[in-house]
Number of protein chains: 2
Amino acid sequence: MVWETFERDNCALEATAEIVGDRQTLLVLRESFLGARRFGELQRQTGLARNILADRLQSLVGNGILERRRYQERPERFEYRLTEKGIDLYPILIGLMEWGAKHEAGGEGPLVSVRHKTCGTVALPRLACPGCGEPVTARDMEAVPGPGAVLRETA
Amino acid sequence: MVWETFERDNCALEATAEIVGDRQTLLVLRESFLGARRFGELQRQTGLARNILADRLQSLVGNGILERRRYQERPERFEYRLTEKGIDLYPILIGLMEWGAKHEAGGEGPLVSVRHKTCGTVALPRLACPGCGEPVTARDMEAVPGPGAVLRETA
DNA sequence: TGTGTCGGTTGCAAATCGAAACCGACTCTA
DNA sequence: TAGAGTCGGTTTCGATTTGCAACCGACACA
């Protein structure tokens with residue numbers, strides 16, 4: 001896992017971090033996944049300042065992660081729903097939950113668990129190799145140049 | 001996936017977001033996973049201001065994610081290595097990479113790929129149910145109260 | 001006519017950010 | 001032995017971002 005010789009500009013990770021890599025946005029996403037849709041609801045649950053919440057919602061909508069749709073007229077009221085793109089963020093949130101549960105949990109165990117609808121298992125999903133299906137950790141993987149990689153001069 | 005009736009204080013996700021949920025910390029972690037260990041190296045690759053990097057490294061060390069160890073005396077020089085706790089953050093970074101590759105990628109494909117050492121598959125790991133082994137997405141899972149859950153009055 | 005809800009916007013003080021300069025302790029070169 | 005360079009930071013400073021609180025329009029309900 002050593003290859004200091006890659007260009008990292010425009011790294012996929014960096015791009016994602018730019019969009020969802022702050023505490024406030026993650027809190028909003030958590031509530032969205034938990035079913036919150038309305039401004040007031042999101043504000044109560046996250047505890048964010050209203051202007052910050054408004055700002056984050058606008059940015060999430062702008063990035064196509066949430067969709068702002070009117071759910072009533074007179075007075076106009078809007079709600080924010082996860083798009084497909086937003087739903088794809090699920091593995092990241094699961095990752096955060098799993099790590100927190102393992103390393104930062106209070107004594108009483110996690111506040112929230114998740115259940116696999118089809119088989120009923122109550123446990124957080126794990127990473128597995130899509131080729132062989134075996135569970136994997138960082139140690140089992142190594143980084144290699146991707147199709148878009150640009151090698152950098154080493155000297 | 002609707003249950004606005006949970007207490008979320010001290011949520012595992014929130015705790016984790018507090019620690020690694022900012023762009024700068026994520027960049028440092030990315031480089032750590034790519035093998036960078038020294039201050040100057042981390043500074044160059046992340047492009048962070050030196051004071052910010054110093055601050056993040058201190059916080060990561062304080063949270064037990066990186067370990068600061070002297071690798072030479074006279075003059076004293078230190079390097080930062082991932083601990084076990086830090087290595088456990090891998091699924092989160094994979095999640096960020098995967099999402100970015102799918103939704104924010106440039107035309108040329110990802111800059112970096114990962115390879116499963118034992119079977120050789122070059123692909124990002126996917127989430128799977130630890131019970132039945134089936135790949136899962138957000139739609140396949142539902143939230144349920146965990147062992148530490150505290151139900152809230154619905155009023 | 002008054003009170004409350006909802007979805008924001010505005011103003012302001014405080015915290016946080018990045019760039020650049022500086023620093024001690026050393027090594028290497030001439 | 002003087003000068004330049006490396007390494008791992010700290011300090012300073014101006015600009016951006018943050019949270020808090022107050023305010024707002026449009027409506028519902030009594």
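Only a predicted model underlies this, so the values are computations on that prediction, with no experimental measurement involved.

A. Region of the structure containing the protein's contact with DNA strand C. Not every one of the 18 residues close to DNA strand C is listed here, only the nearest: Arg38(A), Phe39(A), Asn51(A), Ala49(B) and Ile52(B). When contributions to the surface near DNA strand C are tallied by element, the ones reaching two or more residues are helix H3 (39-46), helix H4 (50-62) and strand S2 (77-82) of chain A together with helix H4 (50-62) of chain B. Residues that form the surface near DNA strand C fall into these classes: seven nonpolar, four polar and seven charged.

B. A look at the packing of helix H6 (residues 90-103) of chain A against helix H6 (residues 90-103) of chain B. Relative to each other, H6(A) and H6(B) sit at 170 degrees, their axes nearing to 8 Å. Judged on the interaxial angle alone, H6(B) and H6(A) are roughly antiparallel. When H6(A) is examined against H6(B), the residues Pro91(A), Ile92(A), Gly95(A), Leu96(A), Glu98(A) and Trp99(A) are found in contact with a partner set consisting of Pro91(B), Ile92(B), Gly95(B), Leu96(B), Glu98(B) and Trp99(B). When grouped by side-chain class, the residues that make up the contact of H6(A) with H6(B) number eight nonpolar, two polar and two charged.

C. View of the relation of the copies chain A and chain B. If you rotate chain A by 180 degrees and push it 0.0 Å along the axis, it lands on chain B with an RMSD of 0.1 Å. Between the two chains, the operation in question is that of a two-fold axis. Same-surface contact between copies: 100% of interface residues of chain A are shared with the interface of chain B.

D. Spotlight on the interface of chain A and chain B. Listed by partner, the interface residues are 86 residues for chain A and 87 residues for chain B. Every element with two or more residues in the side of chain A that touches chain B is listed here: helix H1 (12-20), helix H2 (23-33), H3, helix H5 (84-87), H6, strand S3 (112-116), strand S4 (126-128) and strand S5 (141-145) of chain A. The element that contributes the greatest number of residues to the side of chain A that touches chain B is H6(A), accounting for 14 residues. The residue makeup of the side of chain A that touches chain B, split by class, is 47 nonpolar, 19 polar and 20 charged. For S4(A) and strand S4 (residues 126-128) of chain B, the ladder comprises three bridges, and the chain directions are antiparallel. Each residue of the ladder has a partner; that of Leu127(A), found in S4(B), is Leu127(B).

E. Region of the structure containing the protein's contact with DNA strand D. If you check the shell around DNA strand D, you find 18 residues, and the closest are Ala49(A), Ile52(A), Phe39(B), Asn51(B) and Ala54(B). At the level of secondary structure, the elements contributing two or more residues to the surface near DNA strand D comprise H4 of chain A together with helix H3 (39-46), H4 and strand S2 (77-82) of chain B. Across the surface near DNA strand D, the residue classes break down as seven nonpolar, four polar and seven charged.

F. Representation of the environment of Arg126(A). With respect to the secondary-structure elements, Arg126(A) resides in strand S4. Taking the number of C-beta atoms within 10 Å as the measure of exposure, Arg126(A) has 19 and is therefore partly exposed. For Arg126(A) and Gln72(A), which are 54 residues apart along the polypeptide, the C-alpha to C-alpha distance reads 40 Å. When neighbours within four sequence positions are excluded, Arg126(A) is seen to be in contact with Pro135(A), Ala128(B) and Pro130(B).

G. Representation of the pairing of strand S1 (residues 66-72) of chain B within the structure. As judged from the six bridges shared by S1(B) and S2(B), these two strands associate in the antiparallel manner. The partner of Gln72(B) across the bridge, within S2(B), is Arg77(B).

H. Structural detail: the confidence of the model for chain A. All names here are of chain A. With 84% of its residues at a pLDDT of 70 or more, chain A shows a mean pLDDT of 82. Mean pLDDT in chain A bottoms out at S5, which sits at 84, and peaks at H5, which reaches 93. With pLDDT under 50 throughout, residues 1-5 is counted as low confidence; its partners more than four residues away or in other chains account for 15 contacts. Every residue in residues 151-155 is under pLDDT 50, and counting partners more than four places away or in other chains gives six contacts.

How each quantity is defined
Residues numbered from 1 in each chain as written. Chains lettered and ligands numbered in written order. Predicted model: local features only at pLDDT ≥ 70, side-chain atom pairs only at ≥ 80, totals over all residues. Near = placed C-beta within 6 Å. Helix = DSSP H or I, 4+ residues; strand = E, 2+ residues; numbered from the N terminus. Nonpolar A, V, L, I, M, F, W, Y, C, P; charged D, E, K, R; others polar. Axes fitted to C-alpha atoms, helices over the stretch in contact; angles between N-to-C directions. Parallel < 35°, antiparallel > 145°, perpendicular 65-115°, else oblique. Contact = placed C-beta atoms within 7 Å. Least-squares fit on C-alpha atoms with pLDDT ≥ 70 in both. Pairing = 2+ DSSP bridges. Buried ≥ 20, exposed ≤ 12 C-beta atoms within 10 Å, placed from the backbone. pLDDT = per-residue confidence, 0-100.

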